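Understanding the architecture of this molecule
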Amino acid sequence: MQPRCRPDHRDRSDRRANARADGGGYRNTQWLRSAADRDAEQFLRGLIAETYPEHGIIGEEFGAQSAASSLKWVIDPIDGTKSFTCGVPLYACLLALVD
């Protein structure tokens, strides 16, 4: 049996509108996943750009940013977003530097 995900920080009308499961018993949390992913990626992009301005960045949410260097950072801001939105500690931030 799959756990149910019920974020408490949405108003009731939003919860009712999204009450149908997305196929696995979870409520529709796409809006939350998208916001969390975008915010996390923007934060990481800012840190990388400040520390390594010559490096490129390829992110899941915002695509590629060109660079003068052959070094590129690849970002998956929240891998396991379903777990993240449900409060299950089975998620990670994936960050790689490739040449």
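Look a little higher up for the structure.
So, a few notes on the structure that sits alongside this text. Small disclaimer: the values here were computed from a predicted structure and weren't measured.

Next up on the list: the overall build of the protein. Per the secondary structure count, the protein includes three helices and four strands. Written out in order from the N terminus, the α and β elements of the protein read α-α-β-β-β-α-β. When the accessible surface of the protein is summed, it comes to about 6,500 Å², and 53% of that surface belongs to carbon and sulfur atoms.

Hydrogen bonding along the main chain pairs the strands of a sheet, whether they run parallel or antiparallel. Reading across the sheet, the four strands line up as 2-1-3-4 and stay open at both edges, with mixed pairing between neighbours. One side of each edge strand has no neighbouring strand; the edge strands of this open sheet are strand 2 (63–65) and strand 4 (92–98). Looking at each pair of strands side by side, their axes are set apart by 15° on average, direction ignored. Bridge analysis of strand 3 (residues 72–79) against strand 4 gives six bridges, and the strand direction is antiparallel. Pairing of D79 across the sheet is with A92, part of strand 4.

As a further point, take the nonpolar core. Counting residues in each nonpolar core, the largest one holds five residues, listed as L44, I48, I57, W73 and I75. Listing elements by their share of this core, those giving two or more residues are helix 2 (30–51) and strand 3. Apart from the residues lying within four places of it in its own chain, the contact partners of I48 are P53, I57, W73, I75 and L95.

Moving on to the packing of aromatic side chains. By the definition in use, this model includes two aromatic pairs. Consider the rings of F84 and Y91, whose centres lie 5.0 Å apart with planes at 85°: the pair is edge-to-face. Overall, Y91 belongs to the partly exposed group, its relative accessible area being 42%.

What follows covers the side chain of D37. The topology assignment puts D37 in helix 2. Residue D37 is classed as buried on the basis of its relative accessible area of 7%.

Following the criterion strictly, the structure yields one salt bridge and no others. In this structure, E41 engages R45 in a salt bridge whose closest nitrogen and oxygen atoms are separated by 2.8 Å. Here the residue E41 and the residue R45 both occupy positions in helix 2, the gap between them amounting to four residues, near one helical turn. Across the pair, exposure class does not vary: E41 and R45 are buried alike.

Conventions and cut-offs
- Residues numbered from 1 in each chain as written.
- Predicted model: local features only at pLDDT ≥ 70, side-chain atom pairs only at ≥ 80, totals over all residues.
- Heavy atoms only, no water.
- Helix = DSSP H or I, 4+ residues; strand = E, 2+ residues; numbered from the N terminus.
- Areas by Shrake-Rupley, 256 points an atom, 1.4 Å probe, with all protein chains shown as cover.
- Pairing = 2+ DSSP bridges.
- Axes fitted to C-alpha atoms, helices over the stretch in contact; angles between N-to-C directions.
- Core = buried A, V, L, I, M, F, W, Y, C linked by side-chain atoms within 4.5 Å.
- Buried < 20%, exposed > 50% of the residue type's maximum accessible area, 1.4 Å probe, protein only.
- Contact = heavy atoms within 4.5 Å.
- Phe/Tyr/Trp six-rings, centres within 6.5 Å; stacked < 30°, edge-to-face > 60°.
- Salt bridge = Lys/Arg side-chain N within 4 Å of Asp/Glu carboxyl O.

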